[in-house]
Amino acid sequence: MTDATRKKTILLVEDDADLVDLATHWLERDGYAVRSIADGRDALAQLAADPLPDLVLLDVMIPHVTGFEVLQKLRGEARTRALPIVMMTSFSRERDVARGRELGANDYIIKPLMEIDFLERVARALGEQRPA
């Protein structure tokens, strides 16, 4: 399989099993390969290994290491500095969104997820356009 035909891989860092199932279903149906991890410490360990995913969907409130801490660490390392990262959270306060953007998030999706908006924002973060 060439790079052009390879499925893009998304790492979903989320501790809500129902949300993982739903998002994985939507993403796989749209042609993505999905891996999921339920906590920040495991996410950092996974992202320290090769190969990197094409995109990280990162919940803010996850066990052991928060999503903001994961984001800050990833943006501080040359290997992951340019990795597309989209924060996902139920925090809709403006200061939380601003913090995510200040730390280098490419986008910030507020839960509950809405399928079409979610998939369009994933595609945009990957530099793609979602088919109509």
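What counts as what
Residues numbered from 1 in each chain as written. Predicted model: local features only at pLDDT ≥ 70, side-chain atom pairs only at ≥ 80, totals over all residues. Heavy atoms only, no water. Buried < 20%, exposed > 50% of the residue type's maximum accessible area, 1.4 Å probe, protein only. Helix = DSSP H or I, 4+ residues; strand = E, 2+ residues; numbered from the N terminus. Arc of directions from axis to C-beta. Contact = heavy atoms within 4.5 Å. Polar contact = N/O pair within 3.5 Å; in protein donor to acceptor, adjacent residues only side chain to side chain. Pairing = 2+ DSSP bridges. Right-handed = clockwise from strand over helix to strand, strands pointing away. Axes fitted to C-alpha atoms, helices over the stretch in contact; angles between N-to-C directions.

## Observations regarding helix 2 (residues 40-47)
Piece 1. Within the span of helix 2, buried status applies to Gly40, Ala43, Leu44 and Leu47. Across the axial projection of helix 2, the buried residues extend over an arc of 95°, all falling on one side.
Piece 2. Considering only its buried residues, helix 2 is in contact with strand 1 (9-13), strand 2 (33-37), strand 3 (55-59) and helix 3 (67-75).
Piece 3. Capping of helix 2 at its N-terminal end is provided by Asp39; its side-chain oxygen lies 3.0 Å from the backbone amide nitrogen of Arg41.

## Quick look at the pairing of strand 1
Piece 1. Across the five residues that make up strand 1, a large majority, five, are buried.
Piece 2. Residues Thr9, Leu11 and Val13 point to one face of strand 1 and Ile10 and Leu12 to the other, with burial holding for every one of them.
Piece 3. The pairing of strand 1 with strand 2 spans five bridges and is parallel. From the neighbouring strand, Ile10 faces strand 2, where its bridge partner is Val34.
Piece 4. What joins strand 1 to strand 2 is helix 1 (residues 17-29), and the crossover it makes is right-handed.
Piece 5. As defined by bridge partners, strand 1 adjoins strand 3 across four bridges and the pair is classed as parallel. Following the sheet pairing, Ile10 is matched in strand 3 by Leu55.

## Remarks on the sheet that holds strand 5 (residues 107-110)
Piece 1. Taking strand neighbours across the sheet as the criterion, the five strands line up as 2-1-3-4-5 in an open arrangement whose pairing is parallel. In this open sheet, the two strands that pair with only one neighbour each are strand 2 and strand 5. Taking each pair of neighbouring strands and ignoring which way they run, the sheet shows an average axis angle of 20°.
Piece 2. Against the sheet, helix 2 contacts strand 1, strand 2 and strand 3, and its axis sits at roughly 135° relative to strand 2.

Remember, this is a structural readout, not a statement about activity or role.
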